[in-house]
Amino acid sequence: MKAKNGDFVLPGDPLGVTEEFLPSEWTYDDHGEIRSLVAGTVTIDQKNKKIAIIPKTKSPAILKKGDVVLGQIREVRGQRALVDVDGIKDSKRSLPITFLGAIHISQARKGYVDKLTDDFHIGDIIQARVTKVMGVDNADLTTAESELGVLKAMCTNCRHFMKQIGKKEVKCPNCGRKETRNISSNYEG
Ligand SMILES: [Zn+2]
C-alpha cells in the first residue's frame, strides 16, 4: 500500500518504499519500507521524491538515548524485564505510542543480580533511562542509578501498592506480605 498526499496515518503505517522515495521528517526506514513515526498527515514532495509527515500533535515526544522514562513492568522472564513505557519524565508532551522497553539483568543495578524477580514484579511503576532506541517502538533501558528503579511496587499477592520498609524491602499494607525490589531513591510510599 502507498500513502497519498493528505492521507492521515498512524505510527508504523507504511508510506512507500525507499527505492522510490527518501524518508524525511517524522518517518523512518524499516528495511526499505518507509513508515510513519507519528500520527499525522502525509506530505509528498514529488519533485524531490521525499515523504514526510506533518504531526497531528505539535512536536510529539520521541524517545532518545539518555531520556528518563516512566513505565510499568509488563513481564519478568529470565534475564529480561519488559516495560510498557508511558512517558518521558519532566516532559509535558506525551509519547505518540507506547514503547516497549526491556531491562536486561546486567542493567538492573550496579553489582550482581541473582534473580531479576528480586528487583521487579509485574505491575510495578518504574523510572528508567533509555540506553538504546530500536525501530519505532522498542527501547533498551537501565535502572543502574540510585534515582532509577521502582517508584511503586505492586504486591504479587493482592496487587496493592506497597510501603518501603528497608533499603531493598517493601511491605504490603493490605495483606502484610514482604518482598524485595530495586527501589528508586524517589520511591513513592
Ligand atoms: Zn498484598
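Residues numbered from 1 in each chain as written. Predicted model: local features only at pLDDT ≥ 70, side-chain atom pairs only at ≥ 80, totals over all residues. Heavy atoms only, no water.

The protein chain is annotated in an unreviewed UniProt entry as Exosome complex component Csl4 of Methanobacterium formicicum. Heading Sequence similarities (unreviewed entry) of the UniProt record for the protein chain holds this comment: "Belongs to the CSL4 family." In its Function (unreviewed entry) section, UniProt records this for the protein chain: "Non-catalytic component of the exosome, which is a complex involved in RNA degradation. Increases the RNA binding and the efficiency of RNA degradation. Helpful for the interaction of the exosome with A-poor RNAs." (UniProt positions renumbered as here; feature names shortened; annotations may be inferred.)

Turning next to the UniProt feature "binding site: Zn(2+)" (unreviewed entry) in the protein chain. Taking the UniProt record as the reference, the feature "binding site: Zn(2+)" (unreviewed entry) is found at Cys155, Cys158, Cys172 and Cys175. Judged by maximum C-alpha separation, these annotated positions cover 21 residues in sequence but sit close together in space, the widest gap being only 8.7 Å. Structurally, the position occupied by Cys158 is in the loop between β13 (149–152) and β14 (163–164). Excluding residues within four positions of it along the chain, Cys158 makes contact with Cys172, Asn174 and Cys175. Position of Cys175 relative to the elements: it lies in the loop between β15 (169–171) and β16 (178–180). Residue classification places Cys175 among the partly exposed positions, given a relative accessible area of 34%. Every residue in contact with Cys175, bar those within four places of it in the chain, is listed here: Cys155, Asn157 and Cys158. (Helix = DSSP H or I, 4+ residues; strand = E, 2+ residues; numbered from the N terminus. Contact = heavy atoms within 4.5 Å. Buried < 20%, exposed > 50% of the residue type's maximum accessible area, 1.4 Å probe, protein only.)

Ligation of the zinc ion by protein atoms is provided by Cys155 (SG), Cys158 (SG), Cys172 (SG) and Cys175 (SG), these donors lying 2.3 Å from the ion. Read N to C, the donor residues that coordinate the zinc ion are spaced as C-x2-C-x13-C-x2-C. In this structure Cys155 comes out as buried when scored by relative accessible area, which is 1%. The exposure class assigned to Cys158 is partly exposed, which follows from its relative accessible area of 24%. (Donors = N, O, S within 2.8 Å, 3.2 Å for Na, K, Ca; no water.)

This part takes up unusual backbone geometry. Leave glycine aside and you will find that most residues have negative phi; peptide bonds, for their part, are mostly trans. The backbone of His31 shows a phi angle near 50°, a positive value even though the residue is not glycine. For His31, the location among the structural elements is in the loop between β4 (27–30) and β5 (33–36). In this structure His31 comes out as exposed when scored by relative accessible area, which is 81%. Here the phi dihedral of Lys49 falls at roughly 55°; this positive angle occurs in a residue that is not glycine. Along the chain, Lys49 falls in the loop between β6 (40–45) and β7 (50–55).

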